[in-house]
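Residue-level structural notes
The chain contents come next:
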Amino acid sequence: MTRYAHPDWVSYQDKLDQRDPHLVDLVVIHCTELPDMATAREYAERILYESGTGACGHFYIDRSGKRLQYVRIDRIAHHVRNHNERSIGVELVNLGRYPDWLHSDHQAMTESYPPEQIESLIELLERLVEDLPELRYIAGHEDLDTALVPSENEPSIQVRRKVDPGPLFPWETVLGHVPLQRLDSSDKLR
């Protein structure tokens, strides 16, 4: 394992734009909304953009606490609208709303985050804070992407496009261990 996580680069990593990691000031916490790490990898490898790249975070943490790094921090990963250049994306394996992400009757997130996963996240965040001098902020995907979209079962009903990491994520525990401040969609501190 490297300082942060075991490297397991996505196939298109070298096509992602480069950046100076010392300018990164934000970590965005996601949940995969998928059943397991293998499925998360499949989704991360999907090519979605003309650049030959896809959507994925920099780091993935399994329920057991095992950490993988899909993208180097000196590359801009596509993980959250309008904040990719300044941020590092951390994906926690969690079902979320899987498999009916946008079904209006399936918006509750009921899977908790195991202690091993949260301990691993805190350790990763501590290391990032030590190495990245501008890193000051943390946000959930839901804090930064507040878009509404028509539900898949009833287009007249609007649902949140992103709700992760969701109501069961232990913000108080995480923020009690790292010197990061939480942001919301307007880039204001909470």
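Structure report, in brief. Keep in mind it's a predicted model, so treat the numbers as computed, not measured. (Residues numbered from 1 in each chain as written. Predicted model: local features only at pLDDT ≥ 70, side-chain atom pairs only at ≥ 80, totals over all residues. Heavy atoms only, no water.)

1. Details of the pairing of strand S2 (residues 26–31)
Here S2 lies mainly inside the structure; six of its six residues are buried. Neither face of S2 is open: one carries Leu26, Val28 and His30, the other Val27, Ile29 and Cys31, and all of them are buried. Pairing between S2 and strand S6 (residues 137–140): four bridges, direction parallel. Paired with Ile29 across the bridge in S6 is Gly140. (Buried < 20%, exposed > 50% of the residue type's maximum accessible area, 1.4 Å probe, protein only. Helix = DSSP H or I, 4+ residues; strand = E, 2+ residues; numbered from the N terminus. Pairing = 2+ DSSP bridges.)

2. Examining the nonpolar core
Membership of the largest hydrophobic core comes to 29 residues, with the highest contact counts inside it found for Ile29, Phe59, Val90, Leu121, Phe169 and Val174. If you list the elements that add at least two residues to this core, you get S2, strand S3 (59–61), strand S5 (87–92), helix H2 (115–131) and helix H4 (171–175). Considering each element in turn, this core owes the most residues, six residues, to H2. Setting aside anything within four residues of it in sequence, one finds Phe59 in contact with Tyr4, Ala5, Leu68, Gln69, Ile73, Ile88, Gly89, Val90, Glu91, Leu124 and Leu128. Within the second largest apolar cluster, 14 residues are counted, among which are Tyr12, Leu34, Ala40 and Tyr60. (Core = buried A, V, L, I, M, F, W, Y, C linked by side-chain atoms within 4.5 Å. Contact = heavy atoms within 4.5 Å.)

3. What about the pattern of salt bridges?
For the structure on display, the rule yields 16 salt bridges. A salt bridge links Asp25 to Arg86, with the shortest nitrogen-to-oxygen separation between them at 2.8 Å. Separated by 61 residues along the polypeptide, Asp25 in the loop between strand S1 (6–7) and S2 and Arg86 in the loop between strand S4 (67–69) and S5 bring together distant segments of the chain. Taking relative accessible area as the criterion, Asp25 reaches 17% and is therefore assigned buried. Between Arg63 and Glu111 there is a salt bridge, with the nearest N and O atoms lying 2.6 Å from each other. Of this pair, Arg63 sits in the loop between S3 and S4 while Glu111 sits in the loop between S5 and H2, and the two are 48 residues apart along the sequence. The class for Arg63 is partly exposed, based on a relative accessible area of 23%. Counted as one network, the salt bridges with shared partners bring together Asp14, Arg72, Asp74 and Arg75. (Salt bridge = Lys/Arg side-chain N within 4 Å of Asp/Glu carboxyl O.)

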